Amino acid sequence: MSRIFISYRRSDSQDVAGRIYDRLVATFGADRLFKDVDAIPVGADFRKHLTAAVEQCDVMLAIVGARWVDAHSETGARRLDCPDDVVRIEIEAALARDIPVVPVLIGHATMPTEAQLPASLGPFAFRQAIPVRSDPDFHRDMDRLIEALQRLVSSPLAKSAPPRGPAFRSATSAQPASGRLDRGTVSHARTKWWAAAAGLVVAAALMVMSGLVDLARFVPGRQNDPGIRSLAVLPLKNLTNDPEQEYFSDGMTEALIADLARVGGLRVISRTSAMTYKSSPKGLPEIARDLNVDVVLEGSLARSGNRVRVTTQLIDGKTNLNLWANSYERDLRDVLSLQDELARAIAQEIKVTLTPQEAARFAAARAVNPAAHEAYLRGRFVLGKGTEETINKAIAYFNQAIEQDAAYAPPYAGLADAYSALRMAYVRPHDVMPRAKTAATKAVQLDPALAEAQLSLANVLMTYEFDWRGAEKALKRAIDLSPNLGDAHHVYALYLAGLGRHDEARFEIERAMTLDPLSLQTLNDAGWVYYLARRYDRTIELNQKAIDLDANFWPAHAGLGLGYEKVGRFTDAEASLLKARQLDNNPTVLEMLGGTYAAWGKKDEARKVLADLSTMVGQHYVCPYEVATVHAGLGDKEATLQWLEKGYRERADCMAWTGSDPKFDELRGDPRFENLVRRMGIAR
């Protein structure tokens, strides 16, 4: 039975209501939510159906947009004045049964006054509201709403395990990672509210006493912030006066972010978004607003021989006041302990309580061979450039680091990531992925608490070995070790989407975007997650956001084209994909273009794309999966299955999406396709 009822008016809140619904589903499970008219059977008496649904719920969320009060019907009458208005029926039923009704304000909406409402809805005007703002505040506000719901609704929802992340982290690690409801422990007896709400005053008091409403937090003009809960580390300035040392200052920045990312009670912006502000002219308050953080850490690094000096200061994002400053100087051999000491000092300064496990990790820093550490930093620096040449340079640096210190785990994780990157576009999987697995396994053996090593291993297990159980175990372990590691949430979302667990996938990718809001790759892959979930409108929205950040990022143009194709905007899809091809003429873009032509009915153009893909084989590694999708669009089942079998034999990374990709919907039910999916181990 439904526990949370979502009431909304399509005319002013449909898109936001969908995002709110996705977050709540990821936390409580779809069977604990009712989203009004979307769930009414065709031909049913909607008044009776809605009233019955309200009777089964424990709390109602009434989403109030800017047009909620003044929306009019085609006859010109105000909708709220009509007794048959769906929103009015829902709220009347909840008020009549003393079910808590929580107004959720979106789009700068304000609470209506009693005079603006029909008499039957008058008490609604006195309910304390919770605002849910648009990006970049959306997920922060949703965290607060979910936390409040968990306190408000007693036994059924309070027993569910909260999702991972700073706002939800538990002192124990025994709860399920997905944040889904543990249905085996939940009683189906409806919570009794009769004694808790005997009238309007008592109902309002219940909401305050239960912790649903923190008046100091939500009353306009009040600034009682609950404390420092989010932080961004800006790139450390290189004071060495040697541009060749940029890799060192950037590497130290990344290491400090990684250390702070271990702290579950803090939201830490990921490296990709933080590095966007390297040499930025923006002031710190503006950067804090961009990233939606409470405080910003800035600093500088100077290196002389084997000595390194780091100077940092913590700045309040709202007031621009200096909260704390300190300097540290160490020998390069002790650079890891310097990083940990600095991270621990910051956590103490902003009064974040470390769990015993987190404190132990900070205390476990070992001495490192300076030459090994330097080679590792150089490898990470060039790996990020992403060309075949720089990836091979990174491999050389990581191997050099291993030669200097064979017990130092990070270079092995870097080596695994580099081999995986080669496989993506340049080299056959069988030529590099066994080496990637060996390196990732060694990194985990040397340092089981290194989240990045767990993530490297998970990537190999998921996209090469199709070991879904092992991959999920490694991903959950990475998130446990570093709750703020945006890449871990990002990859976990892709994993879940590949298995068709779309509600969980959307939660994880939204968390990744909260941690890394300016990452072009995260935005693009988020579009893919929503594409696999058949939410093409969101695919378009996210890729357009990435293009707004960087108009030359070809994957976003390709993703935009993919979304346009699925909503029938073929001319726009073609234009977007041709733009992507202009920026980077690679097999992935060609595959998407061919699929668009096929869906559009332009079969000759689609076949020409297939010919172009064939000529690319000698220049690039062409993933068989990509060729299969074009044949699928042309309706050629035999060729599609042949190419998918080839992809399976080669262990192509794209094959991970076979079970969810809508391009193969026409094959579902075909025994050969279902057999392939089973052999890949994809639970469907």
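Residues numbered from 1 in each chain as written. Predicted model: local features only at pLDDT ≥ 70, side-chain atom pairs only at ≥ 80, totals over all residues. Heavy atoms only, no water.

1. Topic: the overall build of the protein chain
Short version of the rule: Only DSSP runs of H or I covering at least 4 residues are called helices, and only runs of E covering at least 2 are called strands; the numbering of each starts at the N terminus. Working definition: with a 1.4 Å probe on protein chains only, accessible area under 20% of the residue-type maximum means buried, over 50% means exposed, and in between means partly exposed. Note on contacts: a residue pair qualifies if any of its non-hydrogen atoms lie within 4.5 Å across the two residues. Calculation of accessible area relied on Shrake-Rupley with a 1.4 Å probe; when residues are assessed, cover is drawn exclusively from the protein chains displayed.
Secondary structure summary: the protein chain contains 29 helices and eleven strands in total. For the protein chain, buried positions account for 57% of its 684 residues. At a minimum sequence separation of 6, the contacts of the protein chain that also span at least 24 residues come to 67%. Carbon and sulfur atoms provide 51% of the accessible area of the protein chain, an area that totals close to 27700 Å².

2. Section: the packing of helix α23 (residues 554–566) against helix α25 (residues 587–600)
For clarity, the threshold we go by: Orientation is described by axes fitted as lines to C-alpha atoms, over the contacting stretch for helices, and by angles from 0 to 180 degrees between their N-to-C directions. Roughly parallel here means an angle under 35 degrees, roughly antiparallel means over 145, roughly perpendicular means 65 to 115, and every remaining angle is called oblique. If you view the pair so one helix is near and one far, a crossing is left-handed when the near helix is turned anticlockwise from the far one by less than a right angle, and right-handed when it is turned clockwise.
Axis separation between α23 and α25 bottoms out at 10 Å; the angle between their running directions is 15°. One finds that α23 runs roughly parallel with respect to α25. Of the two possible hands of crossing, α23 and α25 adopt the one that is left-handed. On α25, the residues that touch W554, A558, L562 and E565 of α23 are T588, V589, M592, G595, T596 and A599.

3. Focus on the side chain of E472
The condition that has to hold: Two N or O atoms count as a polar contact when they lie within 3.5 Å, although within protein this holds only if one can serve as hydrogen donor and the other as acceptor, and sequence-adjacent residues are included solely when both atoms are side-chain atoms.
Summarising the element assignment, E472 is placed in helix α18 (residues 468–481). Judged by relative accessible area, E472 falls into the buried class, the value being 12%. Within the structure, E472 has its side chain in polar contact with the side chain of R501 (distance 2.9 Å).

4. Topic: the nonpolar core
Short version of the rule: In this text, buried Ala, Val, Leu, Ile, Met, Phe, Trp, Tyr and Cys residues form a nonpolar core when linked through side-chain atoms within 4.5 Å.
L231, Y495, L644 and M655 are the most contacted members of the largest nonpolar core, which totals 150 residues. Discounting chain neighbours no more than four positions away, the residues touching L231 are L260, L266, R267, V268, I269, V293, V295, L314, I346 and I350. Grouped together as the second largest cluster of nonpolar side chains are 28 residues, V54, A93, L105 and L121 included.

5. A look at unusual backbone geometry
The phi dihedral of N320 is positive, around 65°, even though this residue is not glycine. Relative to the elements of secondary structure, N320 occurs in the loop between β10 (307–316) and β11 (322–331). Residues other than glycine seldom take positive phi values, yet R651 does so here, at roughly 55°. Along the chain, R651 falls in the loop between α28 (637–650) and α29 (671–679).

6. Side note on the packing of aromatic side chains
Put simply, the rule reads: Side-chain rings of Phe, Tyr and Trp (the six-membered ring for Trp) are treated as a pair once their centres are within 6.5 Å; stacked means planes under 30 degrees apart, edge-to-face means over 60, and tilted covers the remaining angles. Consider the ring centre and the ring normal. A charge sits over the ring if Lys NZ or Arg CZ is within 6 Å of that centre and within 35 degrees of that normal.
Across all of its chains, the model carries 16 aromatic pairs by this definition. Centre to centre, the rings of Y247 and F248 are 6.2 Å apart; their planes meet at 85°, and the pair counts as edge-to-face. Of the two residues, Y247 and F248, both sit in the buried class. Ring centres of W528 and Y531 lie 5.1 Å apart, and the angle between their planes is 15°; this geometry places the pair in the stacked category. With W528 and Y531 both in helix α21 (residues 520–532) and three residues apart, the pair spans about one turn of that helix. Here the aromatic cluster, defined as three or more aromatic residues joined through ring pairs, consists of F466, W468, Y492, Y495 and Y648. One Lys or Arg, R651, reaches over the ring of Y648 and ends 5.4 Å from the middle of that ring. Positioned over the ring face of Y648 is R679, at 5.2 Å from the centre of the ring.

7. With respect to the pairing of strand β4 (residues 101–105)
The criterion, for reference: Pairing between two strands is assigned when DSSP locates at least 2 bridges connecting them. By definition, the crossover connecting two strands over a helix is right-handed if that path, from the first strand to the second, turns clockwise as seen with the strands pointing away from the viewer.
Burial within β4 is extensive, with five of its five residues counted as buried. Of the two faces of β4, the one lined by V101, P103 and L105 and the one lined by V102 and V104 are each fully buried. Two elements, strand β3 (residues 59–64) and β4, share five bridges in a ladder whose sense is parallel. If you follow A62 over to β4, its bridge partner there is P103. Between the parallel pair β3 and β4, the chain is carried across by helix α3 (residues 86–96), and the sense of this crossover is right-handed. Examined bridge by bridge, β4 and strand β5 (residues 130–131) share two bridges and lie parallel to one another. If you follow L105 over to β5, its bridge partner there is P131.

8. Quick word on the pattern of salt bridges
Side chains that carry opposite charge are capable of pairing whenever their charged atoms lie near each other. Defined as follows: Each salt bridge in this description consists of a side-chain nitrogen of Lys or Arg and a carboxyl oxygen of Asp or Glu lying within 4 Å of one another.
Under the definition given, this model contains 39 salt bridges. As a salt-bridge pair, R534 and D665 come within 2.7 Å of each other at their nearest N and O atoms. In this pair, R534 is assigned in the loop between α21 and α22 (536–549) and D665 in the loop between α28 and α29, connecting sequence segments 131 residues apart. Relative accessible area serves as the criterion here: at 33%, R534 is assigned to the partly exposed category.

9. Some thoughts on the sheet that holds β5
The strand order β2-β1-β3-β4-β5 describes an open sheet built from five strands, whose pairing is parallel. If you trace the sheet from one side to the other, it starts and ends with β2 (33–35) and β5, each paired once. In the packing of α3 onto the sheet, contacts are made with β1 (4–7), β3 and β4, and the angle to β3 comes to roughly 145°.

10. As for the pairing of β11
Pairing of β10 with β11 involves nine bridges; the strand directions are antiparallel. Each residue of the ladder has a partner; that of R307, found in β11, is D331. Linking β10 back to β11 in an antiparallel pair, the connection comprises five residues, with N320 at a positive phi of about 65°.

11. Focus on the confidence of the model for the protein chain
A low pLDDT score tells you not to read the predicted coordinates there in detail. Put simply, the rule reads: Confidence scores labelled pLDDT are given residue by residue by the predictor and lie between 0 and 100.
On average, residues of the protein chain score 81 in pLDDT, and 85% of them are at 70 or above. Note that pLDDT drops below 50 for residues 155–226; the model gives that stretch 140 contacts with residues more than four away or on any other chain.

12. Quick notes on α3
Side chains that are three or four residues apart share a direction in an α-helix, a result of its 3.6 residues per turn. In terms of residue burial, α3 counts as a mostly covered element, since nine of its eleven residues are buried. Residues of α3 that are buried: V86, V87, R88, I89, E90, I91, A93, A94 and L95. Of the surrounding secondary structure, the elements contacted by the buried residues of α3 are β1, α2 (46–55), β3 and β4. Where α3 ends, the next residue or the one after it, D98, has phi of about 55°, a positive value.

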